[in-house]
Amino acid sequence: AYSTYTRGHISADLAHLFLKKTRHLGILKLLTNAVSFGLTLYVLPWAWRYFVWGFTRHEQSSSTLFGKTYDIVFFQASILVGMALMAFSFGVEC
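For clarity, every value in this text was computed on a predicted model and none was experimentally measured.

Bringing the overall build of the protein chain into the picture now. Counting its secondary structure elements, the protein chain contains four helices and zero strands. Taken from the N to the C terminus, the helices and strands of the protein chain come in the order α-α-α-α. Counting over 94 residues, the protein chain shows a buried share of 13%. Considering only contacts within the protein chain whose residues lie at least 6 apart along the sequence, 55% involve residues at least 24 apart.

Tallied over the entire structure, the rule returns four aromatic pairs. Ring geometry for Trp46 versus Tyr50: centroids 5.2 Å apart, planes at 10 degrees, classification stacked. Pair noted here: Trp46 and Tyr50 are both in helix α3 (residues 22-57), with a separation of four residues, about one helical turn. Given the relative accessible area of 28%, Tyr50 is considered partly exposed. Each member of the aromatic cluster is reached from another via a ring pair, and the members are Trp46, Tyr50 and Trp53.

Quick notes on the rules
Residues numbered from 1 in each chain as written. Predicted model: local features only at pLDDT ≥ 70, side-chain atom pairs only at ≥ 80, totals over all residues. Heavy atoms only, no water. Helix = DSSP H or I, 4+ residues; strand = E, 2+ residues; numbered from the N terminus. Buried < 20%, exposed > 50% of the residue type's maximum accessible area, 1.4 Å probe, protein only. Contact = heavy atoms within 4.5 Å. Phe/Tyr/Trp six-rings, centres within 6.5 Å; stacked < 30°, edge-to-face > 60°.

Encoded structure:
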């Protein structure tokens, strides 16, 4: 998380080899963030329906930890929360 905060994480970006102007690189970055934001917003309603579906089914996990079972909805909620946080992150970047 710290490397993402400081923008020091490893990236396989090769666009700077083809696009020499910083304006073009900025436009490309905006475009990629907008596409990522749009795709995340597209998947977010599915994550919500998946969470609601799991909530109505009240399924239990088949694997146990210390003899306990857990509701599957906890795992489905993590997908919903993760997608919402990704949408927020990409939205801020745009």
